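Each chain, written out:
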Amino acid sequence: MGSLAGSAGTVEVEPMPGYIEFITRSTVVMLDAWRDCSSCGLELSKRTFLDNAYITWTEIALFFFCAYLWTKIRRGLTESLFKPLGEWCRLLPKDAAKMPESAWKLVFYTMSWSYSTYLLFFTSYSYFHDPPSVFYDWKSGMSVPTDIAIAYLIQGSFYGHSIYATIYMDAWRKDSAVMVVHHIITLALISFSYAFRYHNIGILVLFLHDINDIQLEFTKLNVYLKSRGGGYYLLNDVLSNLGSVSFSITWFWFRLYWFPLKVMYATCVSSLQSVPHIPFYFFFNALLFALLLMNIYWFLFIVMFVVKLLKIKEVNDVREYEDEDSRKEPPAENSTDDAGHHNSAQGKHVQNGITKEKHL
């Protein structure tokens, strides 16, 4: 792939593998590691955890405080900014109800992804261009750089807030249960990777996932805005279409190409080359594989979205296909339930078909 210049001179960068090399080498290395782990079990896991997990009560308290703070900030912005903005834009009632959620997530993910981008491309960290370097000089209990610790506090506390928000604040959707599982896995990865000092790989995982959330919420906001006031706004329609296309492309490129070939190759193969007995090797890779499977699960919805788009030739119709039944006369006693079950006609497929999923 090339080389990087550093204070110690030129460092050769290991080329990024292809899918076949990733699968074959990861399988061989993990099977060898499993065969060599003759003493693996609960007792060894407990001893390894106690010997290598480093997290203070102050850090735990900061996590809960910031998670609570995100919830208060969201409620404050919703009441003071997002809802009034929706009224000023004369959004349709069904869109006005969902607009604050998308606006809040767009603000947060833009901020968090910008910070991850800054760390990876505008500082001395070379983890994106040289993923195996995340494990160079790794030591149990090593100090976490302040700039990375700040990113972890922001992201970890936000996912703590997101578990609560998905259940009690967000509109419930078909994949909301999967989203809760995603947030729990993500929070586990963030917490344990920080405690075991795998923070370098964590920043790379966050960078590769947050960009899709920006595109998703941007697309949904333009879907809501294009029919504001009962009219039609071409600019917002074009932006929503462009957002859908870019979302689909970057989902594959970031989450299904770079994520397994940069991150998971490093954690499965390079980690044992740098640290032969790295703690909780199987545990962390199992969580990353679960994250990859969820990315594939959601990508299937994206593929169905693209297929329907090619068949119908109209993005708006694709997003409304599940709302046709809701336009029929429902029984009076079920009208409220139907309204809650059928999401926005224009945003339905974007929300269920291309809803993310989080990041580390």
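Below is a summary of the structure that appears in this document.

Applying the stated rule across the entire model yields nine salt bridges. The partner of Asp213 in a salt bridge is Arg255, and the shortest N-O contact between them spans 3.7 Å. Taken together, the residues Asp213 in helix 7 (residues 199-225) and Arg255 in helix 8 (residues 234-274) connect sequence positions 42 residues apart. On the basis of relative accessible area, Arg255 is assigned to the buried category, the value being 0%.

To continue, consider the side chain of Ser193. Examined against the element boundaries, Ser193 turns out to sit in helix 6 (residues 176-195). A distance of 2.9 Å separates a polar atom in the side chain of Ser193 from a polar atom in the side chain of Tyr152. Here the side chain of Ser193 touches Ile190 through a polar contact of 3.1 Å, landing on its backbone oxygen.

Further remarks concern a nonpolar patch on the surface. The grouping of Tyr19, Ile23, Phe252 and Trp253 at the surface amounts to a nonpolar patch, some 380 Å² of accessible area in total. Breaking the nonpolar patch down by element, the ones donating at least two residues are helix 1 (19-36) and helix 8. In this fold, Tyr19 is placed in helix 1.

For helix 3 (residues 57-88), with 32 residues, the first-to-last C-alpha span of 45 Å sits near the 46 Å given by 1.5 Å per residue. In this fold, the buried residues of helix 3 make contact with helix 4 (93-121), helix 5 (146-168) and helix 6. Phi for Arg90, located one or two positions after helix 3, is positive at around 55 degrees.

Here we take up the packing of aromatic side chains. Following the criterion strictly, the structure yields 40 aromatic pairs and no others. Plain terms: the ring middles of Phe207 and Phe254 are 6.0 Å apart, the flat faces sit at 50 degrees to each other, and that makes the pair tilted. With Phe207 in helix 7 and Phe254 in helix 8, this pair connects stretches of sequence that are 47 residues apart. Of the two residues examined, Phe207 and Phe254, each falls in the buried class. The rings of Tyr19, Trp113, Phe121, Phe128, Phe207, Trp253, Phe254, Tyr257 and Trp258 are connected pair by pair, giving a single aromatic cluster. Over the face of the ring belonging to Trp251 we find Arg255, whose NZ or CZ atom lies 4.0 Å from the ring centre.

Here we come to empty space enclosed by the protein. Rolled over the atoms, a probe as big as a water molecule pinpoints where empty space is left. Tallied over the entire structure, the rule returns five cavities of 30 Å³ or more. As a volume, the largest cavity reaches approximately 140 Å³. What lines the largest cavity is a set of 17 residues, and nearest its centre among them are Tyr198, Ile201, Thr267, Phe284 and Leu288. Residue assignment for the lining of the largest cavity shows that the elements contributing at least two residues are helix 6, helix 7, helix 8 and helix 9 (281-312). Among the elements that take part in the lining of the largest cavity, helix 9 stands out by supplying four residues, more than any other. Its residues assigned to classes, the lining of the largest cavity shows 12 nonpolar, five polar and no charged.

Each value, and the rule that gives it
- Residues numbered from 1 in each chain as written.
- Predicted model: local features only at pLDDT ≥ 70, side-chain atom pairs only at ≥ 80, totals over all residues.
- Heavy atoms only, no water.
- Salt bridge = Lys/Arg side-chain N within 4 Å of Asp/Glu carboxyl O.
- Helix = DSSP H or I, 4+ residues; strand = E, 2+ residues; numbered from the N terminus.
- Buried < 20%, exposed > 50% of the residue type's maximum accessible area, 1.4 Å probe, protein only.
- Polar contact = N/O pair within 3.5 Å; in protein donor to acceptor, adjacent residues only side chain to side chain.
- Patch = residues over 30% accessible without salt bridge, like charges linked within 9 Å, V, L, I, M, F, W, Y side chains within 5 Å.
- Areas by Shrake-Rupley, 256 points an atom, 1.4 Å probe, with all protein chains shown as cover.
- Expected span 1.5 Å × (residues − 1).
- Contact = heavy atoms within 4.5 Å.
- Phe/Tyr/Trp six-rings, centres within 6.5 Å; stacked < 30°, edge-to-face > 60°.
- Lys NZ or Arg CZ within 6 Å of the ring centre and 35° of its normal.
- 1 Å grid on protein atoms, 1.4 Å probe; cavity = no way out; pocket = protein on both sides within 12 Å on 5 of 7 lines; lining within 4 Å.
- Points joined across faces, edges and corners; volume = space filled by probe spheres on them.
- Nonpolar A, V, L, I, M, F, W, Y, C, P; charged D, E, K, R; others polar.

These results come straight from atomic positions and should not be treated as a statement about function.
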